[in-house]
2 protein chains.
Amino acid sequence: MRFDLVVHNGTIVTVNAAFDLIPDGMIAIREGRLARIEARSPDLPLPPADALIDARGGIIMPGLVNTHTHLPMTLFRGLADDLPLSVWLDEHIFPAEGRHINPESVRWGALLACAEMALSGTTTCCDGYFYEDEVAEAVAGFGLRAVLGQGLVDFPAPGVPDPARNISTALAYAAKWQARSATICPSLFCHAPYTCSKATLQKAKAAADARGLLFQIHAAETRNEWDQIQAAHRKTPIQYLDQLGILNSRTLLVHCVWINAEDIETIAARGAKVSHNPGSNMKLAAGIAPIAALLEKEVTVGLGTDGCASNNNLDLFQEMDLAAKLHKADTLDPTVLNARTVLEMATIGGARALGLETAIGSLEIGKQADVIVIDTRRPHLVPLYHPASHLVYSANGADVKDVVVAGRILVKDRELTNLDLAELLAQVNRISRAIGT
Amino acid sequence: MRFDLVVHNGTIVTVNAAFDLIPDGMIAIREGRLARIEARSPDLPLPPADALIDARGGIIMPGLVNTHTHLPMTLFRGLADDLPLSVWLDEHIFPAEGRHINPESVRWGALLACAEMALSGTTTCCDGYFYEDEVAEAVAGFGLRAVLGQGLVDFPAPGVPDPARNISTALAYAAKWQARSATICPSLFCHAPYTCSKATLQKAKAAADARGLLFQIHAAETRNEWDQIQAAHRKTPIQYLDQLGILNSRTLLVHCVWINAEDIETIAARGAKVSHNPGSNMKLAAGIAPIAALLEKEVTVGLGTDGCASNNNLDLFQEMDLAAKLHKADTLDPTVLNARTVLEMATIGGARALGLETAIGSLEIGKQADVIVIDTRRPHLVPLYHPASHLVYSANGADVKDVVVAGRILVKDRELTNLDLAELLAQVNRISRAIGT
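In this text the structure is predicted, and so the values were computed from the model without any measurement.

What to know about the overall build of chain A
Here's step 1: Secondary structure summary: chain A contains 14 helices and 16 strands in total.
Here's step 2: Its C-alpha atoms put chain A at 70 × 45 × 40 Å along the principal axes.
Here's step 3: The buried share among the 437 residues of chain A stands at 62%.
Here's step 4: Taking the contacts inside chain A whose residues are at least 6 apart along the sequence as the reference set, 72% of them involve residues at least 24 apart.

Rendered as structure tokens:
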């Protein structure tokens with residue numbers, strides 16, 4: 001029995017239900033799926049395979065799942081920081097989007113994000129932006145797995161000058177991609193309860209449900225949003241969305257910073273999913289989402305970086321460290337969001353948040369071969385007592401040595417296999433010179 | 001005029017008082033000091049030099065200053081996480097120290113820390129531990145700059161079985177190192193107001209002042225410490241230390257989480273310095289230090305990682321990101337601790353905290369040549385609008401390409417020049433096998 005790819009000589013962190021660790025582990029991949037996962041003494045011969053990855057004593061684990069991105073916003077990385085939210089948005093980000101977001105810039109920005117994500121161990125992302133068809137072309141061409149949502153707002157937006165066409169544009173995009181790629185799932189992304197009307201929210205959600213698509217929305221991110229929704233509807237953002245019938249198991253609520261105990265009960269009762277973006281929430285001073293309380297009610301929580309204008313990178317290892325530490329400081333309880341919990345949030349939890357848990361998020365036979373290898377031969381990863389602790393508290397994205405998506409090697413020994421990086425960086429620098437002036 | 005080393009082809013982030021940036025910059029080093037710092041068109045010839053470092057379009061900046069470490073605790077990295085503080089200390093860290101801390105393990109642990117710090121851009125650290133003479137041997141041999149404090153507690157400690165000899169042991173260590181090395185400054189480190197008696201605190205502080213040594217102490221770290229000091233002395237930890245005459249400009253107060261407005265006034269009035277360790281405070285659930293309020297009163301604040309058992313790495317780039325984000329979330333103000341402020345905390349602020357601001361902390365002519373180069377040709381550092389923003393919010397320690405301390409190259413193209421890394425990791429793994437069982 002010959003395999004397409006064998007990854008060996010590492011400790012496998014399966015992130016299965018038992019959180020099994022397999023020292024001296026080996027995984028064998030055929031037709032893009034995990035065919036064997038087992039302990040393998042280093043002195044035994046390996047099964048025949050077309051390609052080999054030697055983990056060199058490191059960690060073999062599922063690729064990370066980033067549940068919230070705006071990929072093309074890599075173009076605005078570090079353009080404007082440390083500003084009040086309204087100044088940042090109205091004087092910097094919105095004008096830059098108006099002037100510089102077009103199909104070509106979106107494609108290069110998304111490709112830059114793909115390169116950054118792959119090099120830091122993310123194999124699946126969930127995105128929302130404009131010109132999402134271009135994002136999908138870039139991500140599919142690069143080879144990452146993704147849920148990609150066309151953005152909807154009730155005012156003129158890049159690529160959708162007439163807001164009356166926002167839903168039809170999104171549905172045309174979704175129809176195009178729904179049957180086209182095994183690794184791209186289209187999605188609808190209503191920007192927020194305050195930028196989409198009640199009619200848009202309900203129509204988009206019904207259309208998403210009818211097509212089995214994930215419905216994404218920024219919800220309860222800032223105090224200002226909470227005040228606005230309260231003033232207009234006399235409800236919290238979560239109760240407002242629930243009243244509209246928006247919350248179900250195919251709804252991904254992004255942020256959930258300003259939620260109360262009743263909101264948490266509602267989210268749990270509806271089976272809605274939450275994307276937690278600690279770095280962005282902290283940097284924009286939105287606040288601290290009550291993640292420990294959500295986990296206590298068994299709400300599915302995935303981890304996200306948000307766009308590069310508010311983070312300012314896509315390194316999900318750094319986001320794990322932030323999440324694990326932030327909630328300890330916030331609750332004054334060092335036992336909340338322990339390393340295993342956070343590692344699950346960044347893998348199988350993220351997969352559940354996107355409805356992809358039968359395909360990805362853990363290393364189990366039959367699942368998609370989305371696998372990363374961590375090089376542990378660096379001073380900051382020695383000694384190694386507990387792999388989960390290292391992955392959350394010590395490692396960063398630069399420790400990722402190899403990345404495989406659906407059995408295909410995208411990163412080998414820290415280098416991209418599928419892209420001319422110098423050409424990509426030159427194109428992005430060309431675009432950014434116009435943005436920065 | 002010939003130089004020992006020229007670093008060129010990068011944007012110089014000087015961190016001088018004007019925070020000058022010099023695109024296409026060049027620095028020239030002679031006898032361990034900065035002799036020239038200037039713009040240099042890439043097509044002009046470079047001055048003659050024995051060695052060259054090409055920054056390849058990246059960032060040239062002062063080495064980072066880590067104001068709080070326990071270097072040998074790299075040996076306990078990830079040994080025990082996510083536990084209540086008393087369980088972590090009493091059942092894991094203290095027993096491990098009792099069994100495994102000896103001169104040999106301290107030396108290998110400190111050397112591992114040096115390797116990790118150098119590879120992530122830290123050129124100066126301020127340490128406190130036991131067997132500090134062994135730490136000093138390791139750090140001096142490696143070539144980093146450091147303030148190294150012998151630890152003092154009023155109970156038997158590693159290397160000091162009789163606490164009656166804690167001060168004499170520390171002073172013998174200090175006398176040995178005070179004239180021995182240009183890059184090592186000895187220091188006294190009283191562990192905390194609750195582990196040192198009033199007499200020990202006052203005697204150690206007087207001895208440090210008489211010798212011009214930095215006096216370090218963990219202060220106001222946890223709520224439990226606050227309660228203990230309140231119960232015993234009816235004062236806050238800071239007021240208690242002030243009453244004992246401990247606070248002056250050569251006192252480094254580490255943590256300062258549980259301080260009130262009066263404490264801040266006292267710290268400012270005495271000119272005492274603060275070491276802020278956001279990662280450790282968060283991970284141990286100590287709380288959030290009021291750093292924005294301290295900065296408002298113009299208190300000197302440096303950044304620290306703390307030991308590897310409570311972080312779990314020594315990456316000061318990650319600590320900058322944490323500091324910048326944490327206080328925005330805590331105060332709900334996105335303008336506090338902006339990128340420049342945090343970068344200053346990690347460089348010139350740290351230098352001031354250690355009393356070394358005339359020697360290090362910024363790139364200015366005549367200062368010590370402690371210089372690092374950041375490789376910006378990676379996807380997560382493109383585009384580049386504002387160098388300070390990138391250094392705080394986008395970079396991590398793995399982006400450090402070259403490291404120079406006192407004119408000597410310690411890291412070249414990401415590799416240590418002065419150490420057999422495989423041998424070091426093998427020695428640490430040998431020691432850690434005993435610790436982990």
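Side note on helix 3 (residues 132-142) of chain A
All names here are of chain A.
Here's step 1: The buried fraction of helix 3 amounts to eight of the eleven residues, a majority that puts the element mostly inside the structure.
Here's step 2: Where helix 3 is concerned, the buried positions are E132, D133, E134, V135, A136, A138, V139 and F142.
Here's step 3: Turning to helix 3, the residues buried within the fold contact helix 2 (103-119), strand 6 (122-129), strand 7 (145-152), helix 4 (166-178) and strand 8 (184-190).

Overview of the relation of the copies chain B and chain A
Here's step 1: Each copy superposes on the other: chain B lies on chain A with an RMSD of 0.0 Å after a rotation of 180° and an axial shift of 0.0 Å. Given the turn and translation reported, the copies of this chain are related as if by a two-fold rotation axis. Judged by C-alpha distance, B:A398 is the residue of chain B that lies nearest the rotation axis, at 3.2 Å.
Here's step 2: Interface overlap between copies is the fraction of interface residues in one copy that are interface residues in the other; for chain B against chain A it reaches 100%, indicating a shared surface.

Overview of the domain arrangement of chain A
Residue and element names in this part refer to chain A.
Here's step 1: As assigned here, chain A comprises domain 1 (3-62 + 368-416) and domain 2 (64-353).
Here's step 2: Computed from C-alpha atoms alone, the centre-to-centre distance between domain 1 and domain 2 is 29 Å.
Here's step 3: The set of elements that each furnish at least two residues to the side of domain 1 that touches domain 2 consists of helix 13 (387-394), strand 14 (400-405) and strand 15 (408-412).
Here's step 4: The element contributing the most residues to the side of domain 1 that touches domain 2 is helix 13, with five residues.
Here's step 5: Of the residues in the side of domain 1 that touches domain 2, the class split is 16 nonpolar, three polar and two charged.

Considerations on the interface of chain B and chain A
Here's step 1: Taken residue by residue, the interface counts 54 residues in chain B and 55 residues in chain A.
Here's step 2: Contributions of two or more residues to the side of chain B that touches chain A are made by helix 2 (103-119), helix 9 (278-283), helix 11 (316-331), helix 13 (387-394) and helix 14 (421-435) of chain B.
Here's step 3: Residue composition of the side of chain B that touches chain A, grouped by class: 26 nonpolar, 18 polar and ten charged.

A closer look at the sheet that holds strand 13 (residues 301-303) of chain B
Residue and element names in this part refer to chain B.
Here's step 1: Ordered in space as 6-7-8-9-10-11-12-13, the eight strands form an open sheet in which the pairing is parallel. The outermost strands of the open sheet, each flanked by one partner alone, are strand 6 (64-69) and strand 13. Between one strand axis and the next, the sheet turns by 25° as a mean value, whatever way the strands run.
Here's step 2: Strands in contact with helix 4 (residues 166-178) are strand 8 (145-152) and strand 9 (184-190); relative to strand 9, the strand with the most contacts, it is inclined by about 170°.

Side note on the pairing of strand 11 (residues 251-255) of chain B
Residues and elements named next belong to chain B.
Here's step 1: Here strand 11 lies mainly inside the structure; five of its five residues are buried.
Here's step 2: Pairing analysis gives five bridges linking strand 10 (residues 214-219) to strand 11, with the strands arranged parallel. Counted as the bridge partner of A219 is H255 from strand 11.
Here's step 3: Relative to strand 12 (residues 273-276), strand 11 runs parallel, the two being bridged by three bridges. Counterpart to V254 in the pairing with strand 12 is S275.

Side note on the nonpolar core
Here's step 1: In terms of nonpolar packing, the biggest core is built from 302 residues, with A:I27, A:C114, B:I27 and B:C114 touching the most fellow members.
Here's step 2: Setting aside residues no more than four positions away along its own chain, A:C114 makes contact with A:A138, A:V139, A:F142 and A:L144.

Digging into the sheet that holds strand 3 (residues 33-39) of chain A
Here's step 1: With respect to topology, eight strands assemble into an open sheet ordered 3-2-1-4-13-14-15-16 (chain A), the strand pairing being mixed. If you trace the sheet from one side to the other, it starts and ends with strand 3 and strand 16 (415-416) of chain A, each paired once.

Regarding the environment of B:R56
All names here are of chain B.
Here's step 1: With respect to the helices and strands, R56 occurs in the loop between strand 4 (49-54) and strand 5 (59-62).
Here's step 2: Judged by C-beta crowding, with 15 C-beta atoms within 10 Å, R56 ranks as partly exposed.
Here's step 3: When the C-alpha positions of R56 and E134 are compared, they lie 38 Å apart, and in sequence the two are 78 residues distant.
Here's step 4: Apart from residues lying up to four places away in sequence, R56 is in contact with N9, D375 and R377.

Describing the confidence of the model for chain A
Reading fine detail from the predicted coordinates is not recommended where pLDDT is low.
Here's step 1: For chain A, per-residue confidence averages 97 on the pLDDT scale, and 100% of positions sit at 70 or higher.
Here's step 2: Listed scores for the predicted complex are pTM 0.98 and ipTM 0.97.

Remarks on the environment of B:A232
Here's step 1: Of note, B:A232 is situated in helix 6 (residues 223-233).
Here's step 2: B:A232 sits in the exposed class, given 11 other C-beta atoms within 10 Å.

Topic: the packing of helix 12 (residues 339-353) of chain B against helix 13 of chain B
All names here are of chain B.
Here's step 1: Their axes nearest at 9 Å, the elements helix 12 and helix 13 cross at an angle of 70°. Comparing their axes, helix 13 and helix 12 come out roughly perpendicular. Seen from helix 12, the contacting residues are A339, R340, V342 and L343; seen from helix 13, they are A388, S389, L391, V392 and Y393.
Here's step 2: Each residue belonging to the contact of helix 12 with helix 13 can be placed in one class, and the counts come to seven nonpolar, one polar and one charged.

Overview of helix 5 (residues 198-211) of chain A
Residue and element names in this part refer to chain A.
Here's step 1: The first and last C-alpha atoms of helix 5 sit 20 Å apart over 14 residues, in line with the 20 Å expected at 1.5 Å per residue.
Here's step 2: Within helix 5, the full set of buried residues consists of L201, A204, K205 and A208. The arc that holds the buried residues of helix 5, viewed along the axis, is 100°, so those residues lie on one side. Along helix 5, the residues that are exposed and aim more than 90 degrees away from the buried face are A199 and A210.
Here's step 3: Buried residues in helix 5 make contact with strand 7, helix 4, strand 8 and strand 9 (214-219).
Here's step 4: Remark: G212 follows helix 5 within two positions and exhibits a positive phi of approximately 70°.

Analysis parameters
Residues numbered from 1 in each chain as written. Chains lettered and ligands numbered in written order. Predicted model: local features only at pLDDT ≥ 70, side-chain atom pairs only at ≥ 80, totals over all residues. Helix = DSSP H or I, 4+ residues; strand = E, 2+ residues; numbered from the N terminus. Buried ≥ 20, exposed ≤ 12 C-beta atoms within 10 Å, placed from the backbone. Contact = placed C-beta atoms within 7 Å. Least-squares fit on C-alpha atoms with pLDDT ≥ 70 in both. Domains from an automatic or database assignment. Nonpolar A, V, L, I, M, F, W, Y, C, P; charged D, E, K, R; others polar. Pairing = 2+ DSSP bridges. Axes fitted to C-alpha atoms, helices over the stretch in contact; angles between N-to-C directions. Core = buried A, V, L, I, M, F, W, Y, C linked by C-beta atoms within 7 Å. pLDDT = per-residue confidence, 0-100. Parallel < 35°, antiparallel > 145°, perpendicular 65-115°, else oblique. Expected span 1.5 Å × (residues − 1). Arc of directions from axis to C-beta.

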